[in-house]
Amino acid sequence: MIYDIRLVTLSTYDDYVPFARHVLRLSPMNTTRQSVLSSSLSVEPASSELLPGRDFFGNRTVGVVCSEPHHSFIARASARVEVAAPAPIGATPPWEEVAGLALAVRDLSPEAPAHFLFPSRVAPLSDAIRAYAEQSFPPGRPIAEAVTDLMRRIHADFAYDGDATNVSTLPEEAFALKRGVCQDFAHVMIAGLRGLGVPAAYVSGFLRTLPPPGEARREGADAMHAWVMAWCGPAAGWFAVDPTNALVVGEEHVVAAIGRDYADVAPIDGVIFTAGAQRAVEVAVDMAPAA
Amino acid sequence: MAAPTRSEGLFGFGFMEGYRPLAGVRDEMAGEDGAIRPHWRVFLSTLGLLGQEEAEQRFEQMAQRLQATGATYRVFDTPGGRERPWPVSRLPLLMSPGDWREICAGVVQRARMQEALLQDLYGPQTLIADGVLPASIVAGSPEFLRPLVGVRPRGGKFLRLYAADLGRGPDGRWWVMADRTQGPSGAGYALENRLALSAALPEAFGALDVHRLAGFFQRFRESLAALAEPGGAGVCVLTPGPLNETYFEHAYLARYLGFLLVEGEDLAVRDDKVFVRTVAGLRGADAFIRRLDADFADPLELNAQSRIGAPGLVRAARAGNVTFANALGSGLAESRALLGFHGALARRLLGEELRLPNVATWWCGQGEARDAVIAQLSALAIAPAFSPASSSYTDVQVGAELDGPRRARLIEALTRRGVDYVGQEIVSLSTMPVWSEGRLTPRPFQIRVYAAATEDGWIVMPGGFCRAANSADARAISMQMGGLSADVWVLSEGPVAPESLLPAEGDIEVKRHVGALTSRAADNLFWFGRYLERAEATIRLIRAGHAREALNDRDERAVSAAISALLIGRGALTPHDTLLNRKVALAALVGSGQVGTAADSVAAARRAASHVRERLATDVISTVDELADTLDPAVRPRSDPQERADRALRLLAAIAGLIGENMAQLTGWRFLEMGRRIERGLATLDFVRALGVDHASGASLSALLELGDSSITYAQRYFIAPARRPVLDLLMLDDNNPRACAFQIRKLGEMARQMPGEGADESASLARRLVERLSAEMIAIEADSVDAGFVARVRAALLELSDALSERYLVNRNRLAFSYRVDE
C-alpha cells in the first residue's frame, strides 16, 4: 500500500520570539516493512537553518534554528510511503521466558530490548498499572497473545477523550481516569508491560485518515498518532499494537519515530526565547492511499 | 563540664576527658583501650598547650570567620530551601602517611578504571558483547546518555576530576562506598575548611608536617586552562545557579581558580560552537568545569524540561568544539549497580586486582545474585540500583529493620523486578572525634578523596572532604541531614614545603580587570542596584508618613495622604490603608510575599546578589543579609517601625559605601550604579510630583526635603522656610546634590559614555542618545518651569533608558520549553 501523508503544525506566540531552536521528528522512517519513496519538509520563518540528523534510536530528526524574530512557527511535512503488512506474529514463547531472555541479550544497539525495560522520563512504573496488566499475563501464556489481550482491554476500559489529559499527564493519572488520547493509552500499556519485565517501546507516526471501506472510524487519525511495540523474544522480535484502536498494526500505520516514551519522539520540541507565552498549537494531518 | 583553664599534660583538656571508642568500633584517634594513637599525639599536645579558654576563643573566631565569608550550603527542608552556615568540625581528621599511600594508589587505580569503563560503554561496548556487564545494567541507568553514544570527548578524556567516598571498614582497610564522576563536589569546601582550621590552629598546623592543598589546585587549574582556546572567555565553571545546594562552592572555586562562573542562560550555541553572552557581545567558550548534571545540560537532546541548560550543547560536544570536565555522560559510572562488578572490571580493563575493596554489592538483575540477597536479607541493605551510590540514604531499606509485611513486599518487588535493586553489605565505619554538646564524641565518617587528570597522569589532592555523621548511626552521613564536615590533614613523613596558589612574582601579569562580564551578571548587578534604591525610597516614604502620625494639622494630613498614595502606587500599601496605623506602617516595611514592601525589595536585591556573589565583596553580602534580618518580622519582633526604618537606612548607606569604596569601578560596577541612579531618579521624580508640583505647601515642601534627604543642604543655603522654587531647584536641577534628579542623569551620562561599544569611532547607542538628550533638557530648564508634564517626560525617559540598557546588554527574555500540545 502506498500513502501520501501531509502534515502542518502552526504554533503562535503572545509576543515576538527573537530566537528559537527546535527539533522536529515529523518525517516517516525506513523500516523493514516501510519505505519512504519521497519526503519533504519546510518551516516558517523560511530563513531558519535546518540541521538534519539522526538520534540514538535511528529516528530522522531535523534541528531548526530560527534567528529571525517571529510571531508564529509553521512546519510542513509531506511524504509518500510504501507500507507492507507485517507477517503474522505466529507462535511465541511464554511471556516469563521472554522477560528472562530480555535480560540475557548482550546488546546495547538501538533495537536491543534492554533500552525498553526500565521506567523512562514520562513513563514511570506504576504498581496499579502493573496489577491491571498482570490480568492479561497468567503464567505460561504466549507473549503475543498476552500483549494482544492487554491492548484489547485498554481499548475496552478506556474512553478516548482529548480534554481529560494534557501533554504532561503521567500514565498513572490517565489510568486512574480511564480516559485520554493515544499518547496516554500507549504510556499506560508501556508502564504495564515494563512492570512485568516485558520490553515495550513507544511509536509515533501516522494513521490512515479514513479507514478501509466498511470499517469503523479510527481514533487519533487527525493528528500524529502513537502506539506500542512489545518485544516477543529474539525470534519473533518486536510486535506492534495500537491500544487506541484495538488493532494489531498492519498496513494502516506509518512509523515516524521510535523511542522509550513520548519524550524521546515528541514531534516538535525545543526552546523559545520570548517575553510572552506560547499559545495553542494547531495540527492538521492527512494520510490517504496515493491516487 | 570540668573546666581546667590550663592543661597540665598531653591531653589535659576537659573536653578530651573520657573519650572512649564505641564498643567494637575502630576509632581513628584512640585505640580500644583509650590510648591515643601515635600520629595524633603532637596535634593533641599542641592543642593542650593552648588551654581550653584560648581554644574556645579560637573556635569561636573560626565560626565567625566562616560566617563572614558566607560559607553556606542549601538545605531542602522547606520549599526552595534555605542556606545554612557551613558546619566545620573543630578537629581535623589526621591521616597517617601509611594510610595515605594506600588511599592514593587505590584512588588513582579507580580513576583509571572508571575512565576505561566510560571509554568502552560510550565506545565499542566490548564489555557488553563479552558478557562482563549485562546490557541492562547500562541501559537502566538514567545517566547512560544515548545522544552521547559514539561521541569521543574532545581531548580524549571523560574524567578530569574524579572522587571516591571512602570509609574505614572493621578490618582496618579503607573501603570505597561510592564513586563521584558526574561533577564531584566538596573540593572547594575542603579548601575553605583548610583555610578556617589552619587559621584557628596555626601552632598545631605548623607543628605537624601537613601536606598543602594549593599545589593540587594549581596543577588542576593549569591542566584545565590548557584546554581553552586562547582569546575566548577562558575556562568557565558551569553552575545550575544559586538554588543548587553547593552553589557557594561553585562561586568559591570560580573565584579561587580565576575562572568565569556561568549559568546555562549565559551560554549561546551558534554553528555548534559555544559562546558566553557578555555585555560586550558573544565570546567563545570551549572549556567548562561542569557542575550542572548532564541531563539538564541541553533541553534539545537531553531533558526537554530543563530550564538551566543551554540548547545545542550536545551538538557542540559531538562536533568536538567543547570540553567538559567531566564529559557529558560520565555520571554513568556512579551507578550503584556497577559496584558489584568493579572487581571483574578492574581485572578486565586494567589487568589488576582492586587495591581498595568496594562495599560488597549484589545487583539483583541476575537470578543467582537476587536469590542470594533474598536469602540473607536480614544482613543486608536494599537500595535502588540506578541512583548514584552517593545519593542519600533515605531510599535505602535495612533488611533487619523491616517488619513482616514490609519485608514480604520487598521480597515480592525483588522477585518481580530485581533489575531495579541492589543488596549491599552494611559496613560499620570507623569513628573520628567530633565536638558535640561540649565534649568530644566518636562519630562515623567518610572521606572524599579527589584525583585530577593532568598531562602527567592522575594526581591526588593530599587532603579531602570529610563528613561525620550527626549520630552514631553511620548511615546518616549527609550534609543534608545535619552532619559536620572536617578538614583532613595528611601527614607527611618529611618536611613539607609551603605552597600557595599565588605564582612566583615574576610570572604575574598585571591586570586591571577580571575577565568577561556576562550579560546575566550585569543584569543581576543592575537589578541589585535598582532594588536597593527602591527599598530605600520605600523606607523613606514609610518613615516620613508614619512620623506624621501625631500631627493633627490639615496640611500635614494632606502630606500623609500624598505619601500613602505613593506607597499604594508602589504596592507597599493597599488602597484605603493609612500609615497613621502602626500595624499598617509595619506591614509596608516588613510584609513578605507582597510585591512592593520594603522587605520585598530587599529580598529581590538579595536574590539578584546571590547570582553574582563571586563579584561582590563578602561585606556587601553580609550587610545585605543583615538588612534582610532588620526587615524580618521574626527577628526582634518587638522593634517598632521607626526604629527598624532608621536601622535599615543606615545599613543601606553602609552598602552604598562598601560598593563605592570596595568595588573596582569597571563595567560591572557601572551596571550596579546605573540601576541605582535610574531608580533614585524615578523615586525623586515621584516625590517631587506628589509634594512639590501637584500640591505645594510649607508642610509638603519640608516633607519633600526630608524624603530627598536634603533638609540640611537646604537650611545651609537658604535661611527661609522651604519655598517651592529653591526646593525644586535643589531636588530636580542641582547636579551637585547627590539626591537631585539632575545628579542621577549626570552620573548616568558619565557611565553611558564608558559602556562597551561606546568608543569614539562607534555610533552612539540608543541608551547613550537618550541620556545625552535628558542631560541637555535638565540644563535648559528653570525651576519655575518644572511642572507635571516635565516630571512625567523625565520619568518616561528614565524608564526608556532602563529598557534600552536591558535590550542592548542584559538578559531580558524568558526561555520556554516548546510544548506540542498547549493546555488551554
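If you're wondering where the values come from, they're calculated on a predicted model, not measured in any experiment.

Novice: For this particular structure, what's the right way to read the overall build of chain A?
Specialist: Counting its secondary structure elements, chain A contains six helices and 15 strands. Against the compact-globule benchmark of 19 Å for 291 residues, chain A has a radius of gyration of 19 Å, which places it among compact chains. Oriented by its inertia axes, the alpha-carbon framework of chain A measures out at about 60 × 40 × 40 Å. Taken across its 291 residues, chain A has 50% of its residues classed as buried. Of the contacts formed within chain A by residues at least 6 apart in sequence, a portion of 76% connects residues at least 24 apart.

Novice: Mind showing me how you'd approach the overall build of chain B here?
Specialist: A count of helical and extended segments in chain B gives 26 helices and 23 strands. In summary, chain B has a C-alpha radius of gyration of 31 Å against a globular reference of 28 Å for 824 residues, a match within 12%. Overall, chain B is about 90 × 70 × 65 Å in size when its C-alpha atoms are taken along their principal axes. Considering chain B as a whole, with its 824 residues, one finds that 50% of them fall into the buried category. Restricting to contacts in chain B with at least 6 residues of sequence separation, those with at least 24 account for 71%.

Novice: Honestly, the environment of Met29 of chain A in this entry has me stumped. Any pointers?
Specialist: Residues and elements named next belong to chain A. Here Met29 is to be found in the loop between strand E2 (19-24) and strand E3 (34-44). In this structure, the C-alpha to C-alpha distance between Met29 and Ala46, residues 17 residues apart in sequence, is 24 Å. Setting aside chain neighbours within four positions, we find Met29 in contact with Asn59, Arg60, Val255, Ala256 and Ala257.

Novice: Mind showing me how you'd approach unusual backbone geometry here?
Specialist: At the junction of Glu44 of chain A and Pro45 of chain A, the peptide bond is cis and its omega measures out at 5° in the coordinates. Counting through the fold element by element, Pro45 of chain A comes out in the loop between E3 and strand E4 (49-54). The linkage connecting Ala325 of chain B with the following residue, Asn326 of chain B, adopts the cis geometry, with an omega of 10°. Of note, Asn326 of chain B is situated in the loop between strand E12 (323-325) and helix H11 (342-350). With a phi angle near 50°, Asp271 of chain B is a residue other than glycine that sits in the positive phi range. Summarising the element assignment, Asp271 of chain B is placed in the loop between strand E8 (267-270) and strand E9 (273-278). Although it is not a glycine, Asp709 of chain B adopts a positive phi angle of roughly 50°. Its location among the elements puts Asp709 of chain B in the loop between helix H21 (698-707) and helix H22 (711-717). Judged by local crowding, Asp709 of chain B falls into the partly exposed class, with 16 C-beta atoms found within 10 Å.

Novice: I'm lost on the confidence of the model for chain A in this one. Help?
Specialist: Taken residue by residue, chain A gives an average pLDDT of 93. The fraction at 70 or more is 100%. Ranking the elements of chain A by mean pLDDT puts strand E15 (residues 278-289) of chain A last, at 88, and helix H3 (residues 143-157) of chain A first, at 98.

Novice: Hey, could you run me through the interface of chain B and chain A in this one?
Specialist: Every contact between the two is made by 33 residues of chain B and, on the other side, 33 residues of chain A. Taken together, the elements giving at least two residues each to the side of chain B that touches chain A come down to helix H4 (126-129), helix H5 (135-139) and strand E23 (814-817) of chain B. Counted by class, the side of chain B that touches chain A contains 18 nonpolar, eight polar and seven charged residues.

Novice: Sorry, what's going on with the packing of helix H20 (residues 667-694) of chain B against helix H23 (residues 724-733) of chain B here?
Specialist: Two quantities define a packed helix pair, namely the angle between the helix axes and the distance between the axes. Residues and elements named next belong to chain B. Close contact between H20 and H23 brings their axes to 11 Å; oriented N to C, the two are set at 170°. Relative to H23, H20 is oriented roughly antiparallel. For the pair formed by H20 and H23, the contact residues are Thr684, Val688 and Gly692 on the first element and Arg724, Val727, Leu728, Leu731 and Met732 on the second.

Novice: Looking at this structure, I do not really get the pairing of E4 of chain A. What am I missing?
Specialist: Residues and elements named next belong to chain A. Bridging between E4 and strand E5 (residues 60-66) involves six bridges; their strand directions are antiparallel. When the sheet's bridge partners are listed, Leu50 is paired in E5 with Val64. Hairpin connection from E4 to E5: five residues lie between these consecutive antiparallel strands, with Gly58 at a positive phi of about 90°.

Novice: Would you explain the sheet that holds strand E11 (residues 287-290) of chain B in this entry?
Specialist: Through backbone hydrogen bonds, the strands of a sheet pair up, either in parallel or in antiparallel fashion. Residue and element names in this part refer to chain B. Pairing in this open sheet of four strands is parallel, and the strands run E7-E6-E11-E12 from one edge to the other. Strands with a single pairing partner mark the edges of an open sheet, and in this sheet they are strand E7 (260-263) and E12. Averaged over all adjacent pairs, the angle separating strand axes in this sheet is 35°, with direction ignored. As paired elements, strand E6 (residues 236-239) and E7 share four bridges and run parallel to each other. Each bridged residue has a counterpart across the sheet, and for Leu238 the counterpart in E7 is Val262. This element, helix H9 (residues 247-257), spans E6 and E7 of the sheet and lies at about 175° to E6.

Novice: I keep staring at the packing of helix H14 (residues 519-547) of chain B against helix H19 (residues 641-662) of chain B and nothing clicks. Help me out?
Specialist: Residues and elements named next belong to chain B. With their axes 10 Å apart at the nearest point, H14 and H19 run at an angle of 150° to one another. In terms of orientation, H14 and H19 fall into the roughly antiparallel class. As H14 runs across H19, the sense of the crossing is left-handed. For the pair H14 and H19, the contacting residues are Leu532, Ala535, Glu536, Ile539, Ile542, Arg543 and His546 in the first and Pro641, Gln642, Ala645, Ala648, Leu649, Leu652 and Ile655 in the second. Taken together, the residues of the contact of H14 with H19 sort by class into ten nonpolar, two polar and two charged.

Definitions and limits used
Residues numbered from 1 in each chain as written. Chains lettered and ligands numbered in written order. Predicted model: local features only at pLDDT ≥ 70, side-chain atom pairs only at ≥ 80, totals over all residues. Helix = DSSP H or I, 4+ residues; strand = E, 2+ residues; numbered from the N terminus. Rg over C-alpha atoms; globule rule 2.2 N^0.38 Å. Buried ≥ 20, exposed ≤ 12 C-beta atoms within 10 Å, placed from the backbone. Contact = placed C-beta atoms within 7 Å. pLDDT = per-residue confidence, 0-100. Nonpolar A, V, L, I, M, F, W, Y, C, P; charged D, E, K, R; others polar. Axes fitted to C-alpha atoms, helices over the stretch in contact; angles between N-to-C directions. Parallel < 35°, antiparallel > 145°, perpendicular 65-115°, else oblique. Pairing = 2+ DSSP bridges. Left-handed = near helix turned anticlockwise from the far one by under 90°.

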